[in-house]
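Structural overview for review
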Amino acid sequence: MKTRSIILCVIFGSLWLQGFSQDISSLDTYIEKADYGAAVKVIDSALKDTTLSPSVIRELSLQKAKCLKKLFKYNTAAETLAGILEAGDAEVMAELADCHAQAGRNPEALVLYNQLAFMNPGNLYYKVQKAALEFRSGEYASCIRTGKEIYDTDTIPTILTLVAGSYNQLGQRDSALAYYGKVLQITPYSRGTITSMSNIYLQKKDYDSVISLTESYLDEMEDWTINPILGLAQYLKGDYKDAYDTFYRQVHEGMDDTYSTYYNYGLVNLALNQTGYAEEYFGKAFEIDSSDVNLIYNIGLAKVRGMRSPESLEYFDKALEMMKPDSTMMYKIYSGRALANYKKFDFKNAIPDYVKAYSYNPSYTAALTTIGYCYEQLKDYNKAKEYYESYLKVGKEGTQSYQFAKQSLDYIKGKLFMEETE
């Protein structure tokens, strides 16, 4: 404040000599009242004085840039600072770096913070800004190095989070979990950290760890963001009853009407064979977003299981229209269509769907014996014989399906023999 007052006095004298009516002392008042636009005008008037010393010009320009930043005029502020920047001037460099960062020019900001951190290795602020920019710029290895340097001198949860996030981006999930764990030691109820760790555990299919982590958190906090993560882990683990209870609370107590909650609640009900509820919540999800082929497929599946096979075909057909050639999903769709036709005794239309399902998933050998049975019902015994024999070449002896195919083949051979002797 003392330095600024001295400068203002010098400028005031200069302006007075030039006949300016506006008192430079009003600059303090404008800044105190947050009238930064008026402050900039006063400074611009002062800077017209060609007799000002370089030090006064620097201080005024620096103050102008700070006012411009308050008005979110980062480009103009950066231009002002660039005009007074000299090598080794850390204060101006830091203000310029901040302007670049605020304007989204991360590379330019990072260059300056690198220089500042090198010039002032003990300055924690410069290193913190550097780490944040490295993460935003995708320089994850550098962010880890900078973050660890900071961690050697100070424990800052945000920095540990950046290190953990960088490890995760590099695919080093165990290291990411280790650093997220350090964050939890400092802030045990950090929702973001719980979410990030849960996502990694879900990727690793470590559902028990997700359940343990989220249940411990929810024992202390009622959180309708974390609760559905618990429900998803319970569903994926196969704990359908627990998952049902979790999503029931999410919908009825948490008043959650989002797509993901309705969809996952539908999946849980489908897994419990509660097809009516499954359709209800899949329907609610459909009203929000009808573009997910998995949703369309599951609506069809719920209708098949709910003994409404004709209705299900509409959804399987829609899924086929939406689906790009993905073998796993195509197999699911065609096998679903095949089952729908089979259950309504439309063996003629079931056959091509079973054939296509088998073509997308050659391990689906049960399709062969089912196709054989469909041909048998259509009294095309030669085709039935062909598919029963195909199944017996790849089927596992001793299984129920193998025995069925073998007995059916014997029956078909008898039928063909009788036809030949007639």
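Residues numbered from 1 in each chain as written. Predicted model: local features only at pLDDT ≥ 70, side-chain atom pairs only at ≥ 80, totals over all residues. Heavy atoms only, no water.

Turning our eyes to something else, we now look at the overall build of the protein. Regarding its fold elements, the protein presents 24 helices and zero strands. Here the C-alpha atoms of the protein give a radius of gyration of 35 Å, more than 25% beyond the 22 Å that 2.2 N^0.38 yields for 422 residues. Taken along its principal axes, the extent of the C-alpha atoms in the protein is 130 × 45 × 40 Å. Residues classed as buried in the protein amount to 46% of the 422 residues present. Contacts spanning at least 24 positions in sequence make up 43% of the contacts within the protein whose residues lie at least 6 apart. Counting every atom, the protein has about 22200 Å² of accessible surface; 50% of that belongs to carbon and sulfur. Positive and negative side-chain charges in the protein, numbering 45 and 54 respectively, have mean positions lying 3 Å apart. (Helix = DSSP H or I, 4+ residues; strand = E, 2+ residues; numbered from the N terminus. Rg over C-alpha atoms; globule rule 2.2 N^0.38 Å. Buried < 20%, exposed > 50% of the residue type's maximum accessible area, 1.4 Å probe, protein only. Contact = heavy atoms within 4.5 Å. Areas by Shrake-Rupley, 256 points an atom, 1.4 Å probe, with all protein chains shown as cover. Lys, Arg positive; Asp, Glu negative; His and termini not counted. Charge placed at Lys NZ, Arg CZ, Asp CG, Glu CD.)

The next thing to look at is the environment of Leu47. Position of Leu47 relative to the elements: it lies in helix H3 (residues 36-47). Between the C-alpha atoms of Leu47 and Leu60, which are 13 residues apart in sequence, the distance is 7.5 Å. Here Leu47 is in contact with Leu52, Ile57, Leu60 and Ser61, once residues within four sequence places are set aside.

The next subject is the pattern of salt bridges. Applying the stated criterion across every chain yields a total of 23 salt bridges. Salt bridges sharing partners connect three or more residues here, namely Arg58, Glu59, Lys66, Asp89 and Glu91. (Salt bridge = Lys/Arg side-chain N within 4 Å of Asp/Glu carboxyl O.)

Looking now at the side chain of Ser408. The topology assignment puts Ser408 in helix H24 (residues 400-421). Accessibility expressed as a relative area gives 9% for Ser408, which makes it buried. Ignoring sequence-local partners within four residues, the contact set of Ser408 consists of Glu376 and Tyr388.

A cluster of like negative charges, contributed by Glu215, Asp219, Glu220 and Asp242, occupies part of the molecular surface. Per element, the largest residue contribution to the negative patch is three residues, and it comes from helix H13 (residues 207-220). Here Asp242 shows up in helix H15 (residues 240-252). Asp242 gets classed as partly exposed once you look at its relative accessible area, which sits at 40%. (Patch = residues over 30% accessible without salt bridge, like charges linked within 9 Å, V, L, I, M, F, W, Y side chains within 5 Å.)

Another point: the packing of aromatic side chains. Scanning the model with the defined rule gives 23 aromatic pairs in all. Ring centres 5.8 Å apart and planes at 25° place the aromatic pair Tyr375 and Tyr387 in the stacked group. Of the two residues, Tyr375 is situated in helix H22 (residues 366-377) and Tyr387 in helix H23 (residues 381-394); the sequence distance between them amounts to twelve residues. Here Tyr375 matches Tyr387 in class, with each residue buried. Members of the aromatic cluster, connected to one another through ring pairs, are Tyr342, Phe345, Phe347, Tyr354, Tyr373, Tyr388 and Phe404. When the ring centre of Tyr179 is taken as reference, the NZ or CZ atom of Lys182 above it lies at 5.4 Å. (Phe/Tyr/Trp six-rings, centres within 6.5 Å; stacked < 30°, edge-to-face > 60°. Lys NZ or Arg CZ within 6 Å of the ring centre and 35° of its normal.)

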